[in-house]
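What follows is each chain in one-letter form.
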Amino acid sequence: MSKKATMGLQQQRHRAGRIAATNHGKEVADASDPFDTHRFLPIKEHQVSRAMSRRYFDDLDVYAESDVVVVGAGSAGLTCAYELSKLPNLKVAMIEQNVAPGGGAWLGGQLMSAMVVRKPAHHFLNEIGVQYEDEGDYVVVPHAAMVTSALISKALGNGVKLFNATAVEDLVIREQESGKPRVAGVVTNWATVTLYGHETQSCMDPNVLESKVVVASTGHDGPLGASCVKRLRNLGLVENVPGMAALDMNAAEDAVVRTTSEVVDGLVVCGMEIAEVTGAPRMGPTFGAMFVSGQKAAYIAAKSLGR
Ligand code: AHZ
């Protein structure tokens, strides 16, 4: 990036003052508006188009063979991806059907902004550098967006590749030598196709990402949640998906962390999606278990990769 492009406000002001003084041939103490002289460097439309599309398709090329694909970029999935990003030379892709990653973590409960986190999960907030108010057994982050934006920035900054506006529609499943099935990747489509295309258009075939391990973190059942475990049930690979039990804040968080596991070979399930299979209670608007479940999923995935 050129020096001009990175000028701060003070520099802009100083430069504008100088230009105003010389351009008009008389002494001018200061330009009234430093942005009068602001000019962007030239660009051609095709450069913009190529800058985006080449990178996107290069990424698809590289991540067609991933080490780990994380499905769903909510609090659990983002934490898992961030933890995995600490390991060197690991190709980690995240698939998120929404345009914005973050899932339900942008807000606390009932669209209120504060996020409650029970101890000891505050250690994770310390690690990602998010400030909070200490209330004894729990902490309160003044705005949940602080956690979500920090997590996204850390994971992507460490090299996790996010494919957003993309939905996982199915799983790749192969038979191992032992005869047991193993999840070996995900079947994807543009989210607009998944959400609106299949009903109104003729067949719109998907794309596929192979992966050594898949982490499912698509949240609890809803219009699109719990999608990986529901697919496992339809394939007969898990007996039952009873759905999360009614809210019990004290029991739920420990249960979600305890039951976070590799449900079928190659598929680790975490966050609220695991409660759909185990029938663990929901916890409502307390997020500590999402972070610790995401960390545990990363630990299991790394172990399965021999890392
Ligand atoms: O868009 C979804 C969200 O961002 C995404 N997702 C769902 N299905 C998908 C699919 N392909 C790609 N088929 C998909 N992406 O998955 C993300 C899930 O995030 P979330 O915040 O819903 O789940 P989480 O388990 O990370 O966090 C749950 C937070 C909750 S719910 C709850 C309660 O209801 O009591 N309490 C807490 C703390």
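Before reading further, recall that the structure is shown in the block above.
What this report covers is the structure whose coordinates are included nearby. (Residues numbered from 1 in each chain as written. Predicted model: local features only at pLDDT ≥ 70, side-chain atom pairs only at ≥ 80, totals over all residues. Heavy atoms only, no water.)

1. Some points on the pattern of salt bridges
We count it as follows: Each salt bridge in this description consists of a side-chain nitrogen of Lys or Arg and a carboxyl oxygen of Asp or Glu lying within 4 Å of one another. A helix here means a DSSP run of H or I that spans at least four residues, while a strand means a run of E at least two residues long, and both kinds are numbered starting from the N terminus. Think of it in three bands: with a 1.4 Å probe and only protein chains considered, a residue is buried below 20% of the maximum accessible area for its type, exposed above 50%, and partly exposed in between.
Following the criterion strictly, the structure yields ten salt bridges and no others. Of the charged contacts in the structure, one is a salt bridge between lysine 86 and glutamate 127, with a shortest N-O distance of 2.7 Å. Taken together, the residues lysine 86 in the loop between helix H3 (75–84) and strand S2 (92–96) and glutamate 127 in helix H4 (residues 122–128) connect sequence positions 41 residues apart. For lysine 86, a relative accessible area of 39% translates into the label partly exposed.

2. Description of the site of the ligand
Let me state the cut-off plainly: In these notes, residues near a molecule or strand are those with any non-hydrogen atom within 4 Å of it. As used in this structure description, the phrase polar contact means that two N or O atoms lie within 3.5 Å; if the pair is within protein, one of them must be able to donate a hydrogen and the other to accept it, and residues adjacent in sequence are counted only when both atoms belong to side chains. Residues are grouped as follows: nonpolar covers Ala, Val, Leu, Ile, Met, Phe, Trp, Tyr, Cys and Pro; charged covers Asp, Glu, Lys and Arg; every other residue, Gly included, is treated as polar.
Close contacts around the ligand come from 29 residues, with Glu96, Gly104, Met272, Arg282 and Gly284 the closest. For the ligand, an oxygen atom lies 3.4 Å from a polar atom in the side chain of asparagine 98. Between the ligand and the protein, one listed contact pairs an oxygen atom with a side-chain N or O atom of arginine 282 at 2.5 Å. Take the shell around the ligand: its biggest share by element is three residues, from strand S7 (residues 166–175). Here the shell around the ligand is built from residues that sort into eleven nonpolar, 16 polar and two charged.

3. Here's the deal with the sheet that holds strand S3 (residues 115–118)
In plain terms, the rule: A pair of strands is considered paired only if DSSP assigns at least 2 bridges between the two.
Ordered by their spatial adjacency, three strands build an open sheet running S3-S5-S4, and the pairing between neighbours is antiparallel. At either end of the open sheet lies a strand with only one pairing partner, and these are S3 and strand S4 (133–134). Where S4 meets strand S5 (residues 138–141), two bridges bridge the pair, whose relative direction is antiparallel. Residue pairing for S5: aspartate 134 is matched across the bridge by valine 139.

4. Structural notes on unusual backbone geometry
Here the amide bond leading from lysine 119 into proline 120 is cis, since omega sits at 10°, within 30 degrees of zero. Secondary-structure assignment places proline 120 in the loop between S3 and H4. A positive phi angle, close to 45°, is found at glutamine 110, a residue other than glycine. Assignment of secondary structure puts glutamine 110 in the loop between S2 and S3. On the basis of relative accessible area, glutamine 110 is assigned to the exposed category, the value being 73%. Here the phi dihedral of alanine 165 falls at roughly 55°; this positive angle occurs in a residue that is not glycine. Relative to the elements of secondary structure, alanine 165 occurs in the loop between strand S6 (161–164) and S7.

Distances and angles like these do not, on their own, reveal function.
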